[in-house]
Amino acid sequence: DPGSGDFQNGFYEANDPRHVASLTARVDLSSQWEFDVTFRHTSRLPNPKMNAFTTADARLAWVLNKTWEVALIGRNLLDPRHPEFTTANHPNDEVGRSVTFKATCRF
């Protein structure tokens, strides 16, 4: 529309994946151990073209007490890297696999 401020002239309109799905499971392994896993799938994007991807994230946490928790978190575990979003200016941006150690203190 005139005056809309869309400098791409609708280039990204209808650039949506046909399918997006996620499945999460959370399990208390004991009173002190928690395990979470999430599987995600996104089908391809048409313009700019981006391939479909499926990945998984996981978290293993040790709850020491009501104040302290430590966790090991893995993201994008099924591939070393994959694109999750592509623009005309940055067509090669990819999200890599990562592992994080997290300590949480609740007051």
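Described in the following lines is the structure provided in the data block. Keep in mind the model is a prediction, meaning the values are calculated, not measured.

## Observations concerning the pairing of strand β2 (residues 33-42)
Here is step 1 of the chain: Pairing analysis gives nine bridges linking strand β1 (residues 20-28) to β2, with the strands arranged antiparallel. Considered in β2, the bridge of A21 is made with H41.
Here is step 2 of the chain: The sheet contact formed by β2 and strand β5 (residues 53-63) spans 10 bridges and is antiparallel. Note that in β5 the partner of E34 across the bridge is A61.

## A few points about the packing of aromatic side chains
Here is step 1 of the chain: Counted under the stated rule, the structure contains one aromatic pair.
Here is step 2 of the chain: Where W33 meets W62, the ring centres are 5.9 Å apart and the plane angle is 10°; that geometry is what we call stacked. Of the two residues, W33 is situated in strand β2 and W62 in strand β5; the sequence distance between them amounts to 29 residues.
Here is step 3 of the chain: In this structure W62 comes out as partly exposed when scored by relative accessible area, which is 34%.

## Topic: the side chain of D57
Here is step 1 of the chain: For D57, the location among the structural elements is in strand β5.
Here is step 2 of the chain: There is a polar contact of 2.9 Å between the side chain of D57 and the backbone nitrogen of N76.
Here is step 3 of the chain: Beyond its immediate stretch of four places on either side in the chain, D57 contacts D36, V37, T38, R40, G74, R75, N76 and L77.

## Digging into the pattern of salt bridges
Here is step 1 of the chain: All told, the structure shown has six salt bridges when counted by the stated rule.
Here is step 2 of the chain: The residue D57 makes a salt bridge to R75 at a minimum N-O spacing of 2.7 Å. Of the two residues, D57 sits in strand β5 while R75 sits in strand β6 (residues 68-75), which places them 18 residues apart along the sequence.
Here is step 3 of the chain: Since its relative accessible area comes to 10%, D57 is described here as buried.
Here is step 4 of the chain: In this structure, the salt-bridge partner of E69 is R106, at a minimum N-O distance of 3.2 Å. Within this pair, whereas E69 is found in strand β6, its partner R106 is found in the segment after β9 (98-105), the two being separated by 37 residues in sequence.
Here is step 5 of the chain: Given a relative accessible area of 8%, E69 falls into the buried group.
Here is step 6 of the chain: What you see here is one network of salt bridges that share partners, running through E34, D36, R59, E69 and R106.

Rules used throughout
- Residues numbered from 1 in each chain as written.
- Predicted model: local features only at pLDDT ≥ 70, side-chain atom pairs only at ≥ 80, totals over all residues.
- Heavy atoms only, no water.
- Pairing = 2+ DSSP bridges.
- Helix = DSSP H or I, 4+ residues; strand = E, 2+ residues; numbered from the N terminus.
- Phe/Tyr/Trp six-rings, centres within 6.5 Å; stacked < 30°, edge-to-face > 60°.
- Buried < 20%, exposed > 50% of the residue type's maximum accessible area, 1.4 Å probe, protein only.
- Polar contact = N/O pair within 3.5 Å; in protein donor to acceptor, adjacent residues only side chain to side chain.
- Contact = heavy atoms within 4.5 Å.
- Salt bridge = Lys/Arg side-chain N within 4 Å of Asp/Glu carboxyl O.

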